[in-house]
Amino acid sequence: MKKLSITLLLSFALAVITFSGCTPQQSSYTGPEKDKSLYGPQAKNYELPVVSGSIYYVAPDGDLASPGNELSKPTTIEAAVTRAQTGDAIVLRGGTYRTGNLTFNQGIVFQAYQNELPVFKGTLVAGNWEKAADGLWKTKWDYLFPAGPESWWRREREEKHTPLHRFNNDGVFIDGQFLMSAGSLAEVNEATHYVDYEKGEIYIGTDPAGQLVEITAFRKAIVRVTTEIHGKQADNIGPVFRGLTITQYPDTMVHIDGYYPQGISTEAEHGKDVVGTVFEDCTFAKCFRIAVFALGDSMVMRHCKIEDSNTEGLYLVASSDVLLEWNIFANNNIERWTGFYPAAVKIFNQTHRVQCRNNLIINHPNSNGLWFDVGNVDGVFINNWVENIGNVDKFGQGEHIWSNYSGFFYEISSQAICAGNVFLNCDQGAFILNAAKVDVYNNTFVNSTASFGRNNRGDDADHFGWHIRTGPAVDARDQHTFKNNLFYIEERIDRQALTAWQPANMCERLNQPQFSEMNNNLYLRQKSGSDQAIIHWSPANNENCSEKIFQPEALAVLYPAFESESKYLQGIDQSLFTAFLQNDFSLTTDSLIVPAVLPEKLATALGLEAGVPIFIGAWPGK
């Protein structure tokens, strides 16, 4: 037991070094990276990992009887997982591993061999097809994954948009492309499949001859548990994954288990079961639930890509001191579920100090981008590129805050930094809801809004129970700061830039603004003569508790400390930007507006000097 405690302390120390060492201390701030090739997995030729224990070599055609300690005599991945323990590494030769449910409880290193590409697939090849009718083929299948919605899903409201068969987790792929589920044989076409669960049969509408047809057969790929397994006790040390691709699984692909709080929990009570998990240069794709589910402090995900997931790409729960950097999160909610609150990254349930830096969050027409949801503290969202979230052309303007999907969503949580990010063509760029003390500085919003809102959710229990009590109380959802932000609205878009919302029935109770500071923001519109308000504001002294603000100085009349140094300009050509069509939204001049100085915690987070004026938006001017 004493040895285990020392090992655990070393794990904590290494995790802290890894985490703190990634915080940028730049002498010259450059802003979000415009070169998208720098995000996601980077081609590498891996050296053999340096470990204190053994290295096991595995291959798709490995010999189960081989001990796996020689490169020329690899064993199977299934055998290696049962043998390896903390201090050991599993080195994977390239090729396709059709396997799943690999379960262990040790801090094992999983790493690709040199520049080879190991691919885990949760499918088997389906080769025995018979023609059932014109344009219809069927096969018997023994591995089915029927499922249903969560108990809180509102069937009476959502089933017309999301039929129940969509919640089943079976996946069919033809030449790598997944087929959407159908509710009956009559609905089967070239893009869909139907499962008859009583007969154990799967139907497709494409002739399978000469094509690779794969169907899901393994529920999960990799599961790190906290219970005893393979004759070993769990030792609290997280695994390391480098250079792997995991694809085509019906459920969670990688599951890092741990204590999941079911009520209000202190930081000391959770996140300690698996500490220091690392993902580097990995790809997770085509999953019908969650790509990566993780519990545990000091996790690092770096240069990974998660795409074509469904409910969540990354689901991080009740963990502290986590770093997400240089990742790509793309195309979540592939089955287009409604009423299910999807997010490419969901940071959930009382996390602390989760840092999200320099990530590319892109192309989510049916999903939120990154969402801190309930009870989180000290979230950091810096220098990220967030693009095409929801549908900007269908943005719902009105006397409320609810739109569709948001790029950065901070809900029922406290103390966050949202700075130096680009939001391009998003339903809502940044959405701060029922939260407190969120600092929003130096972001660039192009055809995207910033929204702040609060209501009485939390006064009484709702269908999500205790979750709503983990964040700030109803009367403490304020003290936000909003400075040095740049908005540009193209001519084709007719919308406000900033919303501060609360319902009219809360106006007497919450009669002070949500902001403690709000100034030095620049609002630009390409269209001349627009009669669209630039800010929708609440609380206001009228029946609706809201007011349309057409110039920043109009808000300064109501609150002299707000927007006195801000500007709104119409008829602004794209030539004001360095290279607008190439997505370089840095301004060609810094003379339009005087920026605010950065407080120390913002300057430290961005790697800039505190106490001096900097610039407007996410980049210095040219």
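See the structure shown above.
Residues numbered from 1 in each chain as written. Predicted model: local features only at pLDDT ≥ 70, side-chain atom pairs only at ≥ 80, totals over all residues. Heavy atoms only, no water.

Novice: Explanation requested: the side chain of His165 in the structure shown.
Specialist: Looking at where His165 falls in the secondary structure, it is placed in the loop between helix 3 (155-158) and strand 10 (172-174). There is a polar contact of 2.9 Å between the side chain of His165 and the side chain of Ser181. At 3.3 Å, the side chain of His165 forms a polar contact with the backbone nitrogen of Gly183. Aside from chain neighbours lying at most four places away, what touches His165 is Ser181, Ala182, Gly183 and Glu187. (Helix = DSSP H or I, 4+ residues; strand = E, 2+ residues; numbered from the N terminus. Polar contact = N/O pair within 3.5 Å; in protein donor to acceptor, adjacent residues only side chain to side chain. Contact = heavy atoms within 4.5 Å.)

Novice: Would you mind showing me how to read the nonpolar core here?
Specialist: Nonpolar side chains in soluble globular proteins tend to end up buried together. In this structure, Ile90, Phe284 and Met301 are the most contacted members of the largest nonpolar core, which totals 98 residues. Discounting chain neighbours no more than four positions away, the residues touching Met301 are Phe279, Phe284, Val292, Ile306, Leu314, Leu323, Leu324, Glu325, Asn327 and Phe329. One finds Leu424, Tyr488, Leu524 and Leu576 within the second-largest nonpolar core, a separate group that totals 23 residues. (Core = buried A, V, L, I, M, F, W, Y, C linked by side-chain atoms within 4.5 Å. Buried < 20%, exposed > 50% of the residue type's maximum accessible area, 1.4 Å probe, protein only.)

Novice: I'm lost on the sheet that holds strand 12 (residues 192-196) in this one. Help?
Specialist: Either a parallel or an antiparallel arrangement is found when strands of a sheet pair, and the pairing is made through backbone hydrogen bonds. Pairing in this open sheet of eight strands is mixed, and the strands run 7-14-10-11-12-13-9-8 from one edge to the other. Strands at the two margins of the open sheet, each flanked by one partner only, are strand 7 (123-125) and strand 8 (130-133). The mean angle between the axes of side-by-side strands here comes to 35 degrees, regardless of whether they run parallel or antiparallel. (Pairing = 2+ DSSP bridges. Axes fitted to C-alpha atoms, helices over the stretch in contact; angles between N-to-C directions.)

Novice: Sorry, what's going on with the pairing of strand 21 (residues 290-295) here?
Specialist: Within a regular strand, side chains alternate between the sheet's two faces. Burial of strand 21 is extensive: six of the six residues sit out of reach of the surface. As paired strands, strand 18 (residues 254-256) and strand 21 are joined by three bridges and run parallel to one another. By the bridge assignment for strand 21, Ile256 is matched with Ala294. Relative to strand 24 (residues 312-317), strand 21 runs parallel, the two being bridged by five bridges.

Novice: Please clarify how the side chain of Asn359 should be interpreted in this entry.
Specialist: Checked against the element boundaries, Asn359 lands in the loop between strand 28 (352-357) and strand 29 (360-364). If near-sequence neighbours (up to four positions away) are discounted, Asn359 is found in contact with Tyr39, Leu324, Glu325, Trp326, Asn327, Phe329, Asn383, Asn384 and Trp385.

Novice: What should I look at first to understand the state of the cysteines in this one?
Specialist: What we call a disulfide is simply a covalent bond connecting the sulfur atoms of a pair of cysteines. Applying the stated criterion to the full structure yields one disulfide. There is a disulfide in this structure between Cys507 and Cys545, and the S-S distance comes to 2.2 Å. Here the S-S torsion is close to 85 degrees, and the disulfide linking Cys507 with Cys545 is therefore right-handed. A residue pair is termed long-range when its members are at least 10 positions apart, and Cys507 in the loop between strand 42 (498-501) and strand 43 (515-519) and Cys545 in the loop between strand 45 (535-537) and strand 46 (547-549) qualify at 38 residues. Between Cys282, a free cysteine, and Cys304, which holds the nearest cysteine sulfur, the sulfur-to-sulfur gap is 4.7 Å. (Disulfide = S-S within 2.5 Å.)

Novice: What is the right way to read the pattern of salt bridges from this model?
Specialist: Proximity of charged atoms lets side chains of opposite charge pair with each other. Counted under the stated rule, the structure contains 27 salt bridges. Close ionic contact of Asp584 with Lys34 constitutes a salt bridge, the shortest N to O distance being 3.9 Å. Pair noted here: Asp584 is in strand 49 (residues 584-587) and Lys34 is in the loop between helix 1 (2-20) and strand 1 (55-58), with a separation of 550 residues, a long-range link. Between Glu201 and Lys138 there is a salt bridge, with its nearest N and O atoms 3.6 Å apart. Of the two residues, Glu201 sits in strand 13 (residues 201-204) while Lys138 sits in strand 9 (residues 136-140), which places them 63 residues apart along the sequence. Relative accessible area serves as the criterion here: at 10%, Glu201 is assigned to the buried category. (Salt bridge = Lys/Arg side-chain N within 4 Å of Asp/Glu carboxyl O.)

Read these as layout, nothing more, since geometry by itself doesn't imply function.
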